[in-house]
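Residue-level listing of the chains:
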Amino acid sequence: MSDMNGPESGGALDAAFFTRWLTAAAAAVDREADRLTELDSAIGDADHGANLKRGFAAVRDVLDKEPPPTPGAVLITAGRQLISTVGGASGPLYGTLLRRTGKELGESATVTREELAAALSAGVAAVSRLGGAQAGDKTMLDALFPAAEALGESFDAARDAAERGALATVPLQARKGRASYLGERSIGHQDPGATSSALLIAALAEVATG
Ligand code: ADP
Ligand code: MG
């Protein structure tokens, strides 16, 4: 029975699963682009929606044209594409997230949710090193750190943790990125990058649980 082998019951995640994830992420970013841009207009420069829309459309196209053979290769290809197509800070940051996570997955044809959780934690740590941000600095990391940890438990737990993390950025003062220039005026707004990270993790849970 195919549902007994689904990702949630410990089944294997293959390259096609990762392509479905990023395709679903592209659709979510496309659908929510105006909202992401609105959030970025409050505490940034109003380009986050357009940045990610362009980047994930390019990811979808490259995966469609030349499907990579392994989960690791899918993420590395996608990360490279984000770095080369997204101009804002989020391009190199999300690109690093996917590339580093992909490298951690190695050459395996299939991986488990637990292996993905460990690889994602390494990817999130690489984002933190690259941007110099920590938990509580009001960035994408406030959704990604809790999501990577909760993914060890389940896909749904990861989605809920990312969503909670994004909402929890509202009362924070930004200490990294463009929003930090606003100082205390960044308080009271949800971080755009944490919001898009929650979308990416929701897309993962959606694809995993059908
Ligand atoms: P830009 O700020 O260059 O216009 P975007 O608008 O695409 O880029 O992305 C802004 C988002 O990037 C922020 O909401 C924040 O979540 C994230 N971000 C910015 N700087 C950092 C950083 N140093 N570390 C982690 N995330 C960051
Ligand atoms: Mg911006």
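None of these values were measured; they are calculated from a predicted model.

Which residues make up the layout of surface pockets, and what are the values?
Considered as a void within the structure, the largest pocket measures approximately 550 Å³ in volume. Lining the largest pocket are 26 residues, and of these Ala 89, Ser 90, Leu 93, Gly 177 and Arg 178 sit closest to its centre. Those elements that place two or more of their residues in the lining of the largest pocket are helix H1 (15-43), helix H2 (48-65), helix H4 (90-105), helix H5 (113-131) and helix H8 (192-209).

Explain the coordination of the magnesium ion (ligand 2) residue by residue, including any values.
Within the protein, Asp 40 (OD), Asp 45 (OD) and Asp 47 (OD) serve as the donor atoms for the magnesium ion (ligand 2), at 2.1 to 2.3 Å. Along the chain, the residues that donate to the magnesium ion (ligand 2) are spaced as D-x4-D-x1-D. Judged by its relative accessible area of 33%, Asp 45 falls in the partly exposed class. You can call Asp 47 partly exposed: its relative accessible area is 23%.

Would you mind going over the site of ligand 1 in detail, with residue names and values included?
Near ligand 1 there are 20 residues, and of these His 48, Asn 51, Ala 89, Ser 90 and Asp 191 occur at the shortest range. Between ligand 1 and Asp 40 there is a distance of 3.1 Å, counted from an oxygen atom to a side-chain nitrogen or oxygen. At 2.9 Å from an oxygen atom of ligand 1 is found a main-chain nitrogen or oxygen belonging to Met 140. Starting from 560 Å² of accessible surface for ligand 1 in isolation, the protein chains cover 93%.

Give a description of empty space enclosed by the protein that names residues and reports values.
If you walk through the whole model with that rule in mind, you get one cavity of 30 Å³ or more. Its boundaries defined by the atoms lining it, the largest cavity holds a volume of some 40 Å³. Those elements that provide at least two residues to the lining of the largest cavity are H4 and H8. Residue composition of the lining of the largest cavity, grouped by class: seven nonpolar, no polar and no charged.

Describe the pattern of salt bridges, and please don't skip the residues or the numbers.
Any two side chains of opposite charge can pair if their charged atoms end up close together. Inspection of the entire model under this criterion finds nine salt bridges. In this structure, the salt-bridge partner of Lys 53 is Asp 30, at a minimum N-O distance of 3.9 Å. Of the two residues, Lys 53 sits in helix H2 while Asp 30 sits in helix H1, which places them 23 residues apart along the sequence. Classification of Asp 30 as partly exposed rests on a relative accessible area of 43%. Ionic pairing is found between Glu 104 and Arg 100, a salt bridge with its closest N-O pair at 2.5 Å. Residue Glu 104 and its partner Arg 100 are both found in helix H4; the two are separated by four residues, about one turn of the helix.

Mind laying out the side chain of Ser 197, listing which residues take part and the relevant values?
By the secondary structure assignment, Ser 197 is in helix H8. Among residues more than four places away in sequence, those in contact with Ser 197 are Tyr 94, Met 140, Ala 143 and Leu 144.

Residues and numbers for the environment of Arg 175, please.
Looking at the secondary structure, you find Arg 175 in the loop between helix H7 (155-167) and H8. Under the relative-accessibility criterion, Arg 175 is labelled exposed at 54%. Through-space distance from the C-alpha of Arg 175 to that of Glu 66 is 39 Å; in sequence the pair is 109 residues apart. The residues touching Arg 175, leaving out its near neighbours within four places in the chain, are Gly 136, Asp 137 and Ser 180. Here Gly 136 takes part through its backbone oxygen, which lies 3.3 Å from a polar atom of the side chain of Arg 175.

Give a description of the nonpolar core that names residues and reports values.
One finds Phe 17, Phe 18, Leu 22, Phe 56, Leu 151 and Phe 155 to be the most contacted residues of the largest nonpolar core, which totals 55 residues. Going through the elements one at a time, H1, H2, helix H3 (71-85), H4, H5, helix H6 (141-150), H7 and H8 are the ones with two or more residues in this core.

Definitions and limits used
By convention here, each chain's residues receive numbers from 1 onward along its written sequence. Labels follow written order: the first chain is A, the first ligand is 1, and so on. Predicted model: local features are reported for residues with pLDDT of at least 70 only, side-chain atom pairs are reported and counted for 80 or more only, and whole-chain, interface and lining totals are derived from all residues. Each side-chain value is worked out from all heavy atoms of the structure, with water and hydrogens disregarded. Cavities and pockets are found on a 1 Å grid laid over the protein atoms alone: a cavity is a set of points where a 1.4 Å probe fits but cannot escape, a pocket is an open set with protein on both sides within 12 Å along at least five of seven lines, and a lining residue has an atom within 4 Å of such a point. Grid points are joined across faces, edges and corners, and a volume is the space filled by probe spheres set on the points. Each helix is a run of DSSP H or I of at least 4 residues and each strand a run of E of at least 2, with the numbering of both proceeding from the N terminus. The donor definition counts N, O and S atoms within 2.8 Å of each metal and applies 3.2 Å to Na, K and Ca; water is not among these atoms, so some sites may look incomplete. Burial classes follow relative accessibility: with a 1.4 Å probe on protein chains only, a residue under 20% of its type's maximum area counts as buried, one over 50% as exposed, and anything between as partly exposed. Any residue with at least one heavy atom within 4 Å of a molecule or strand is counted as near it. Polar contact is the term for a pair of N or O atoms within 3.5 Å; when the atoms are in protein, one must be able to donate a hydrogen and the other to accept it, and sequence-neighboring residues count only if both atoms are side-chain atoms. For the accessible areas, the method is Shrake-Rupley and the probe is 1.4 Å, while residue cover comes only from the protein chains on display. The nonpolar class holds Ala, Val, Leu, Ile, Met, Phe, Trp, Tyr, Cys and Pro. Asp, Glu, Lys and Arg form the charged class, and all remaining residues, Gly among them, are polar. One side-chain nitrogen of Lys or Arg within 4 Å of one carboxyl oxygen of Asp or Glu is enough to make a salt bridge. For this analysis, residues touch if any pair of their heavy atoms sits within 4.5 Å. The term nonpolar core refers to a set of buried residues drawn from Ala, Val, Leu, Ile, Met, Phe, Trp, Tyr and Cys, joined through side-chain atoms within 4.5 Å.

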